[in-house]
Amino acid sequence: GQKVKPQAVIMAVKRFAANSKQMIETKKMREVLGKSTINLKSGVADIAVEKTEGLFDLLGDLARKVKTHKGEILSVVEGQTEAAIIIEEKYVDDVIKKLPKKSVLKVERNIVDLHLLCPPEFWNAPGIIYMVTKQLALADVNIIDLLTTTTEFSVLVRKEDAGRAFETISKLIEESKKSMEGKK
């Protein structure tokens, strides 16, 4: 046979290792997505507000009012200078009345929550959010907000994009299930 330079062998091994890692991560992403389910909830709003004194008092009032135990949505995402309040549309006017007018930056109504329920491995599977958001971008779906917990992942989109977004994510979940079934 031919003589092979040591550098050529080293490069081949490095390429193989990089490709193997990518295949493993993709397999893990597909396993997690394949075990996930998706639900859709409409009638959601996203209120962007400046962080002001008294904001957290209002949030305490909201937490007592919103019936999260009955499936109503209340999520607060706090940034350094502003916060996003994701809430049922029916509470928007009450929230706005209690806030200083200048502190309300934007109110987005007609939002739909595409809610993925994921297995516990979700938290340790790099690339899941990327896979989902990439497919939504390719489907020309604008994402309003993303929310995650250890086993849940919500994608907030406008009502007019909801059907396309639901179909896109459902297809991704189904393809992931099929690819895992084929490898058993």
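Bear in mind the structure is a predicted one, so any value in this text is a computation, not a measurement.

Procedures and definitions
Residues numbered from 1 in each chain as written. Predicted model: local features only at pLDDT ≥ 70, side-chain atom pairs only at ≥ 80, totals over all residues. Heavy atoms only, no water. Helix = DSSP H or I, 4+ residues; strand = E, 2+ residues; numbered from the N terminus. Rg over C-alpha atoms; globule rule 2.2 N^0.38 Å. Contact = heavy atoms within 4.5 Å. Areas by Shrake-Rupley, 256 points an atom, 1.4 Å probe, with all protein chains shown as cover. pLDDT = per-residue confidence, 0-100. Phe/Tyr/Trp six-rings, centres within 6.5 Å; stacked < 30°, edge-to-face > 60°. Buried < 20%, exposed > 50% of the residue type's maximum accessible area, 1.4 Å probe, protein only. Pairing = 2+ DSSP bridges. Axes fitted to C-alpha atoms, helices over the stretch in contact; angles between N-to-C directions. Salt bridge = Lys/Arg side-chain N within 4 Å of Asp/Glu carboxyl O.

Participant: Break down the overall build of the chain for me, citing the residues and quoting the values.
Facilitator: Each helix and strand counted, the chain has five helices and six strands in total. Each helix and strand of the chain, placed in order from N terminus to C terminus, yields the pattern α-β-α-β-β-α-β-α-β-β-α. Here the C-alpha atoms of the chain give a radius of gyration of 22 Å, more than 25% beyond the 16 Å that 2.2 N^0.38 yields for 184 residues. When its C-alpha atoms are laid out on the principal axes, the chain stretches across 80 × 35 × 30 Å. Pairs at least 24 apart in sequence give 74% of the contacts found in the chain among residues at least 6 apart. Roughly 11700 Å² of accessible area belongs to the chain as shown, and the carbon and sulfur atoms make up 54% of that amount.

Participant: Provide a residue-level description of the confidence of the model for the chain, including the pertinent values.
Facilitator: Close inspection of predicted coordinates is inappropriate for parts of the model with low pLDDT. Looking at the chain as a whole, the pLDDT averages 87, with 92% of positions reaching at least 70. Confidence drops under a pLDDT of 50 for residues 20–25, and excluding neighbours within four residues, the segment shows zero contacts in the predicted structure.

Participant: Residue-level account of the packing of aromatic side chains, with values.
Facilitator: The relative placement of two aromatic rings is captured by the distance of their centres and the angle of their planes. Evaluated as defined, the whole model comprises one aromatic pair. Residues F122 and F153 carry aromatic rings whose centres are separated by 6.0 Å and whose planes lie at 20° to one another, so their mutual orientation is stacked. Of this pair, F122 sits in the loop between β4 (104–117) and α4 (128–138) while F153 sits in strand β6 (residues 152–158), placing them 31 residues apart in sequence. Each of the two residues, F122 as well as F153, counts as buried.

Participant: I'd love a proper account of the pairing of strand β2 (residues 74–78), names of residues and values included.
Facilitator: Bridging between β2 and strand β3 (residues 82–88) involves five bridges; their strand directions are antiparallel. The residue bridging S75 from the neighbouring strand is I86, located in β3. Taken together, β2 and the strand that follows it, β3, pair antiparallel across an intervening segment of three residues.

Participant: Please give an account of unusual backbone geometry that cites residues and values.
Facilitator: Although it is not a glycine, N110 sits at a positive phi angle of roughly 60°. When you line up the elements, N110 lands in strand β4. Residue N110 is classed as partly exposed on the basis of its relative accessible area, which comes to 41%. You will see that D140, though not glycine, has its phi angle at about 60°, which is positive. Take D140: it is sitting in the loop between α4 and β5 (143–148).

Participant: How would you summarise the sheet that holds β5 if you had to cite specific residues and measurements?
Facilitator: An order of β2-β3-β1-β4-β6-β5 is seen for the six strands of this open sheet, with the pairing classed as antiparallel. Of all the strands in the sheet, just β2 and β5 have a single pairing partner and so form its edges. Strand-to-strand twist across the sheet, computed as the mean angle between neighbouring axes with direction ignored, equals 25°. On the sheet, helix α2 (residues 55–65) packs against β1 (37–50), β2 and β3 and is oriented at approximately 15° with respect to β3. Docked against the sheet, helix α5 (residues 159–181) engages β1, β4 and β6, running at close to 25° with respect to β4.

Participant: Describe the pattern of salt bridges, listing the residues and the values that go with them.
Facilitator: Across all of its chains, the model carries 12 salt bridges by this definition. Two residues, E31 and K27, come together in a salt bridge whose shortest N-O distance is 3.9 Å. Of the two residues, E31 and K27 are both situated in helix α1 (residues 6–34); the distance of four residues between them amounts to about one turn of the helix. Judged by relative accessible area, E31 falls into the partly exposed class, the value being 30%.

Participant: Let's hear about the side chain of S176: which residues, and what values?
Facilitator: Tracing the sequence through the fold places S176 in helix α5. By relative accessible area, which is 0% here, S176 ends up buried. Beyond its immediate chain neighbours, meaning those up to four positions away, S176 contacts R30, L33 and G34.

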